[in-house]
Each structure stands twice: as C-alpha cells, then as structure tokens.
Amino acid sequence: MLDIIAQLVTSFIASAGFAILFNAPKRTLVQCGTIGMLGWILYYLLHESEMDAVGATLAAALLVGVLSQLAARFYKIPIIIFNVAGIIPLVPGGLAYNAMRQFVEDDYNLGLQLATKVMLLSGAIALGLVFSEVAKQIIDKQRKQKRDKERERKLMR
Amino acid sequence: MENKLFIARVCTLAGKIMLKSGAETYRVEDTMNRIASAYGLRNAQSYVTPTGINFSTGFADPSNTIRVSERSTDLHKITEVNSISRKIDEGGLDAIEAFRLLKEIEKARLAFPEWIQIIAAALLSGCFAIMFNGTWPDFLPACAAGGIGYTVVLWIASMIDVRIIADFFGSFVIGVLAVLFIKTGLGVSMDIIIIGAVMPLVPGLLITNAVRDLMAGHLLSGMGKGAEAVLTAFAIGSGIAVVLSFI
C-alpha cells in the first residue's frame, strides 16, 4: 500500500515537472500531473499483477489518450499539452539506457534483446494514442451524422 | 488584393509561432486553414514541414514561404495561438487586431524562469528514480545529478546552436556525477541514478509529435521528427556510454 502511495506521488510530480519543462500553461499543470499519474498507476498495477509490460503500456497509453481527449475538449486546449506529460512516465527510458549499456559492455545479444523490447514498448505507446484518436474520430463522425439527420428531418417538416 | 496579402501574413505568422514552439505540423496546417477560411479565403493552401511553411491564399495566387530553423518546446505559445484562432473562427476578431495579438505572442517570453525549470528537472529526476524501482537513498543523488545535468544542457544550448552537443555534454556530466556519488557512498545504484537523471533530456515530446504527425498522414514530417528523436536519444546515450566505458 505504502508502495502505491509513493508511486502515485512521484508520478504526479514527475508528470507535472515535465509539463513545466515543456512550458505548459500554469493552469494546466495539475491536470497534466493527474493524467500522468493515472496512466502510470494503471501501468504499475497491471505490471504488478504479472501482466506483460507491452500490454500494460498499451492499456496505460490508451487511458492517457482518452483522458487527454476529454481534458482537451473540456478546457478547449490543444490535446498535445495533456498527452505529452501523460505519456512521459511510460516512455521506456530505463530500458533504453540498459540496452545501450549492454552494447557498450560488448554484450550485443542482451543489448539487442533489450533494444527490441524498447521498440515494442514505444510501439505500444503509439498504438494506445492511435486507438484513442480513432475512437474519438468515430464518435465525432457518428455525432455529426446524427446532427445532419436531425437537421434534414427539420427541413423536411 | 491588399486584403488577401494581409490575411496571408496573419496566417503565416500564426503558423510560424506554432511551428517554432514545437506543434505538430498537421495542427499548424489546420490552424492556418481555419484562419484563412474564417476570413473568407475558401481555397487557401498550406504545406508545412518541420523546417518551413508554404502558404498560398488560393489557386493562381502568389505563395509565401517561411523558413523555420530554430525549434524549441513551448506549449504555452501553442495554446495562446490556438485560442486566438478559435476566436477568429467564431468571428470575434478582425485581421488587424489578430495580427497585433499574434505579434505580441511572438515577442512574449512566456517560459517559466530558468531556476524553476531546473528545480522541476531535479525533482522529476528523483521521482523517476523511485518510479523505476529505485530505493529512497537514491532520491537525492538522482535529484542532484538531474538538476545539474539539465543546468549544463541549458548553459551549453545558450552558447552553441547544435542542440545535440548540449544533450551529449549534459548526459556526460550526469554519468560522471553518478559515478562520483557511488564512489563516495552517497548513492546505492548507479543505474537508477543515471536513468532518473537522464529523463529530463529524453525526447518525449518529439516522439509523441512524430506519432501524431504520422497518424495524420504527414509521413515526411513524422519521419523527420522521428529522426530528430533518434538523434537526441543517440546523443544522450553516447554521453553516458563515454563515462561507462572508462569505469
């Protein structure tokens, strides 16, 4: 339990800190931190319950994508402000470092293994963002069709 | 004709600010087209790459080219331009007023002061050390290494135009500090300290942007930004690698 609280606090500060480095507007810092925290804690819990890291990253990236869409719509601010900070904790920085370290120490086999994993994880992040974007576009399109139909019906009357 | 040219200036200025601040190219094109069509130019065309903007007010009209060579990350400016383009879209802003506001944004320095950025970098480095299964004794060393590393990057970037050199020396300093912390017994795990401290330099925004551009069908921009991200990661990696190969 104490573990999870530590993860919650650190991931919030880490995401909000990144929002500061990217110079996000002051009023969005808390939201950026929260989205990053929720994404990371989903990843953490899934990973703790023995789920594969790629699947956990995909799920977390999907959550970050959806939350960012909602926040972007609610605050009328470009989505990039929210999903950049939210994605950051999921970026496989540690693994990439480890892969590089193996290369430097002439262990190319292990290095390649880790590098492949890094690519898979980055792919999972990208896929999560893509899925949330596609979902949004489908919903938008259906809403538009509904609106158009209603307008047509009014005109017919 | 005069009017058309002025609208083109408003559009390209908005696009230039956004591109300089690190917006996705599809968003830049979208914003420029929206502004143009709000001012009655239905056939405006824009073509944006990470390094430049091409904009024409319509078929057979002269086209304007703007080159953007320096890019940084400034989400605040993107937000400001976005809200101006929303206002124009809703019809509440004439071109002259919009141009004045955009000029103000271009000149404004909205960035957080450097000391706040450095503190943020230090804190997030420590937090990442904990998130990546580190132990609490490594928190402060990671903070120190991350903060100092980021300071070095800011300092070198202010002198040299090539951002990659700054990233390289930043991560080199981080590596040296991590080794020192372990040698003096202040830290426990060198790997954890380095991973945490390097995070402020990781090209996270570039990666997300590259993916978003690719998704929007801007294959050229996506690949370009991807290449920039790989180059940055390579600079960080080689900075650390130089240190590691000496110990």
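Residues numbered from 1 in each chain as written. Chains lettered and ligands numbered in written order. Predicted model: local features only at pLDDT ≥ 70, side-chain atom pairs only at ≥ 80, totals over all residues. Heavy atoms only, no water.

- Going by what an unreviewed UniProt entry lists, chain B is known as Threonine/serine exporter family protein and is assigned to Aciduricibacillus chroicocephali.
- Note on chain B: under the UniProt heading Subcellular location (unreviewed entry), the record states "Cell membrane".
- Here is the UniProt Sequence similarities (unreviewed entry) comment for chain B, exactly as written: "Belongs to the ThrE exporter (TC 2.A.79) family." (UniProt positions renumbered as here; feature names shortened; annotations may be inferred.)

- As named in an unreviewed UniProt entry, chain A is Threonine/serine exporter family protein, taken from Aciduricibacillus chroicocephali.
- Under the UniProt heading Sequence similarities (unreviewed entry), the note attached to chain A is "Belongs to the ThrE exporter (TC 2.A.79) family."
- Under the UniProt heading Subcellular location (unreviewed entry), the entry covering chain A gives this text: "Cell membrane".

Observations regarding the overall build of chain B
Right, so step 1: Each helix and strand counted, chain B has 10 helices and three strands in total.
Right, so step 2: Secondary structure elements of chain B occur, N-terminal to C-terminal, as α-α-β-β-β-α-α-α-α-α-α-α-α.
Right, so step 3: Dimensions of chain B along its principal axes, counting C-alpha atoms only, are 70 × 30 × 30 Å.
Right, so step 4: Look at the contacts in chain B between residues 6 or more apart in sequence, and 64% of them connect residues 24 or more apart. (Helix = DSSP H or I, 4+ residues; strand = E, 2+ residues; numbered from the N terminus. Contact = heavy atoms within 4.5 Å.)

A short note on the pairing of strand 1 (residues 45-49) of chain B
Strand residues, when the strand is regular, have side chains that alternate between the two faces of the sheet.
All names here are of chain B.
Right, so step 1: Pairing of strand 1 with strand 2 (residues 52-56), which is carried by five bridges, proceeds in the antiparallel orientation. Along strand 2, the bridge assignment pairs Thr-49 with Gly-52.
Right, so step 2: Between strand 1 and the antiparallel strand that follows it, strand 2, lie two residues. (Pairing = 2+ DSSP bridges.)

Considering the layout of surface pockets
Right, so step 1: Its boundaries defined by the atoms lining it, the largest pocket holds a volume of some 1800 Å³.
Right, so step 2: Taken together, 49 residues line the largest pocket, and the ones lying closest to its centre are Lys20(B), Arg71(B), Ser72(B), Thr73(B) and Arg163(B).
Right, so step 3: Among the secondary structure elements, those contributing two or more residues to the lining of the largest pocket are helix 1 (2-21) of chain A together with helix 1 (2-20), helix 4 (95-107), helix 5 (114-131), helix 6 (139-159), helix 7 (163-183), helix 9 (204-215) and helix 10 (219-244) of chain B.
Right, so step 4: No other element matches helix 6 of chain B, which puts five residues into the lining of the largest pocket.
Right, so step 5: In terms of residue class, the lining of the largest pocket is built from 25 nonpolar, 10 polar and 14 charged. (1 Å grid on protein atoms, 1.4 Å probe; cavity = no way out; pocket = protein on both sides within 12 Å on 5 of 7 lines; lining within 4 Å. Points joined across faces, edges and corners; volume = space filled by probe spheres on them. Nonpolar A, V, L, I, M, F, W, Y, C, P; charged D, E, K, R; others polar.)

Description of the sheet that holds strand 3 (residues 63-67) of chain B
Residue and element names in this part refer to chain B.
Right, so step 1: Here three strands make up an open sheet; going across it, the order is 1-2-3 and the pairing antiparallel. Strands with a single pairing partner mark the edges of an open sheet, and in this sheet they are strand 1 and strand 3. The sheet shows a mean angle of 10 degrees between the axes of neighbouring strands, direction not considered.
Right, so step 2: Strand direction decides the pairing type here: strand 2 and strand 3, joined by five bridges, are antiparallel. Across the sheet, Ile-53 pairs through a bridge with Ile-66, a residue of strand 3.
Right, so step 3: Lying on the sheet, helix 2 (residues 25-38) is in contact with strand 1 and strand 2; it crosses strand 1 at an angle near 160 degrees. (Axes fitted to C-alpha atoms, helices over the stretch in contact; angles between N-to-C directions.)

Focus on the pattern of salt bridges
Right, so step 1: The full count for this structure, using the stated rule, is 16 salt bridges over all chains.
Right, so step 2: Note that Arg101(A) and Asp191(B) form a salt bridge whose closest N and O atoms lie 2.5 Å from each other. One end of the pair, Arg101(A), is in helix 5 (residues 93-104); the other, Asp191(B), is in helix 8 (residues 190-198), on a second chain.
Right, so step 3: Salt bridges sharing partners connect three or more residues here, namely Arg73(A), Lys136(A) and Asp140(A). (Salt bridge = Lys/Arg side-chain N within 4 Å of Asp/Glu carboxyl O.)

Overview of the side chain of Thr232(B)
Residue and element names in this part refer to chain B.
Right, so step 1: In this fold, Thr-232 is placed in helix 10.
Right, so step 2: Here Thr-232 falls in the buried class, since its relative accessible area comes to 10%.
Right, so step 3: From its side chain, Thr-232 meets the backbone oxygen of Glu-228 in a polar contact 2.8 Å long.
Right, so step 4: Look past the residues within four positions of Thr-232 in its chain and what remains in contact with it is Ile-164, Asp-167, Leu-201, Pro-203 and Leu-206. (Buried < 20%, exposed > 50% of the residue type's maximum accessible area, 1.4 Å probe, protein only. Polar contact = N/O pair within 3.5 Å; in protein donor to acceptor, adjacent residues only side chain to side chain.)

Some remarks on the UniProt feature "domain: Threonine/serine exporter-like N-terminal" (unreviewed entry) in chain B
Right, so step 1: Per the UniProt record, the feature "domain: Threonine/serine exporter-like N-terminal" (unreviewed entry) sits at residues 9-246 of chain B.
Right, so step 2: End C-alpha atoms of residues 9-246 of chain B are separated by 54 Å, and the span's content is 68% helix alongside 6% strand.

Things to note about the state of the cysteines
Residue and element names in this part refer to chain B.
Right, so step 1: According to the stated counting rule, one finds zero disulfides over all chains in the structure shown.
Right, so step 2: Between Cys-127, a free cysteine, and Cys-143, which holds the nearest cysteine sulfur, the sulfur-to-sulfur gap is 6.8 Å.
Right, so step 3: Classification of Cys-127 by relative accessible area gives buried; the value is 2%.
Right, so step 4: Overall, Cys-143 belongs to the buried group, its relative accessible area being 11%. (Disulfide = S-S within 2.5 Å.)

Overview of the UniProt feature "transmembrane region" (unreviewed entry) in chain A
Residues and elements named next belong to chain A.
Right, so step 1: The positions that UniProt labels "transmembrane region" (unreviewed entry) are, in the present scheme, residues 6-22, 29-47, 53-72, 79-99 and 119-139.
Right, so step 2: Spanning residues 53-72, this segment combines 100% helix with 0% strand, and its end C-alpha atoms are found 28 Å apart.
Right, so step 3: Measuring from the first to the last C-alpha atom of residues 119-139 gives 30 Å, for a span that is 100% helix and 0% strand.

Notes on the interface of chain B and chain A
Right, so step 1: Listed by partner, the interface residues are 47 residues for chain B and 41 residues for chain A.
Right, so step 2: Here chain B and chain A share an interface that buries about 3900 Å² over both sides, 76% of which is from carbon and sulfur atoms.
Right, so step 3: When the area that chain B buries against chain A is broken down by residue, the three leading residues are Leu75(B), Phe112(B) and Met131(B), summing to 18%.
Right, so step 4: Our count for the contact surface shared by chain B and chain A stands at five residue pairs in polar contact (both at pLDDT 80 or more).
Right, so step 5: At the level of elements, helix 3 (75-89), helix 5, helix 8, helix 9 and helix 10 of chain B are the ones that each hand at least two residues to the side of chain B that touches chain A.
Right, so step 6: In terms of residues, the side of chain B that touches chain A owes the most to one element, helix 5 of chain B, which gives 10 residues. (Buried area = accessible area lost by both parts, 1.4 Å probe.)

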